[in-house]
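Each chain, written out:
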Amino acid sequence: MATYYPVENVADLGDGRLRVTLRAASPDWVPRLALRMGGALRVVTPGGLAGEVRSRAAATLAAYPEASPNG
């Protein structure tokens, strides 16, 4: 992902993990990107965007009761 999308910064966290700061004119596409990446990507900041990703992920999982942690 860090080589495909425009980024501000990439930091190697070890164990194959990277902290990537994305550059975006609008954050609207970030939740879709995060959902496509599954557990391989975690939005940390800004908090509102991270919350939006969590909400969309929960709604998506709720559509599949066998995949839902509560289903």
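What you see is a predicted model; the values in this text were computed from it and never measured.

Draft legend 1. Looking closely at the confidence of the model for the protein. Of all residues in the protein, 93% attain a pLDDT of 70 or more, and the chain-wide mean is 85. The secondary structure element of the protein with the lowest average pLDDT is helix α1 (residues 30-37), at 89, and the one with the highest is strand β1 (residues 7-14), at 92.

Draft legend 2. Summary view of the pattern of salt bridges. Summed over all chains, the structure comprises 2 salt bridges. The closest approach of N and O atoms between Glu-52 and Arg-56, which form a salt bridge, is 2.6 Å. Remark: Arg-56 and Glu-52 occur in helix α2 (residues 47-62); sequence separation between them is 4 residues, near one turn of the helix. On the basis of relative accessibility, which here comes to 31%, the residue Glu-52 falls in the partly exposed class.

Draft legend 3. Quick look at the environment of Val-10. Considering the arrangement of structural elements, one finds Val-10 in strand β1. In this view, Val-10 contacts Ala-2, Leu-18, Arg-19 and Val-20; residues no more than four positions away in its chain are not counted.

Draft legend 4. The arrangement of α2 in detail. With 16 residues, α2 should reach 22 Å at 1.5 Å per residue; the first-to-last C-alpha distance of 22 Å fits that figure. Of all the residues in α2, the buried ones are Leu-49, Ala-50, Gly-51 and Val-53. Its buried side turned inward, α2 meets α1.

Draft legend 5. Fine view of the pairing of strand β2 (residues 17-22). One ladder, built from 6 bridges, connects β1 with β2; its direction is antiparallel. Paired with Ala-11 across the bridge in β2 is Arg-19. Hairpin geometry of β1 and β2 is characterised by an intervening segment of 2 residues between the two adjacent antiparallel strands and by a positive phi of about 55 degrees at Asp-15.

Reading guide: rules and limits
- Along each chain, numbering runs from 1 in the same order as the chain's sequence is written.
- Owing to the predicted nature of the model, reporting of local features is limited to residues with pLDDT of at least 70; listing and counting of side-chain atom pairs is limited to 80 or more, with chain, interface and lining totals taken over all residues.
- The side-chain values count all of the structure's non-hydrogen atoms but skip hydrogen atoms and water molecules.
- pLDDT measures the predictor's confidence residue by residue and takes values from 0 up to 100.
- Numbering of helices and strands runs from the N terminus, with a helix taken as a DSSP run of H or I at least four residues long and a strand as a DSSP run of E at least two residues long.
- One speaks of a salt bridge when a side-chain nitrogen belonging to Lys or Arg is within 4 Å of a carboxyl oxygen belonging to Asp or Glu.
- Exposure is judged per residue with a 1.4 Å probe applied to protein chains only, and the accessible area is read against the type maximum: over 50% gives exposed, under 20% gives buried, and values in between give partly exposed.
- Residue contacts are counted whenever heavy atoms from the two residues lie within 4.5 Å of one another.
- Any helix carries an expected span of 1.5 Å times its number of residues minus one.
- By the convention used here, strands pair only if DSSP detects at least 2 bridges between them.

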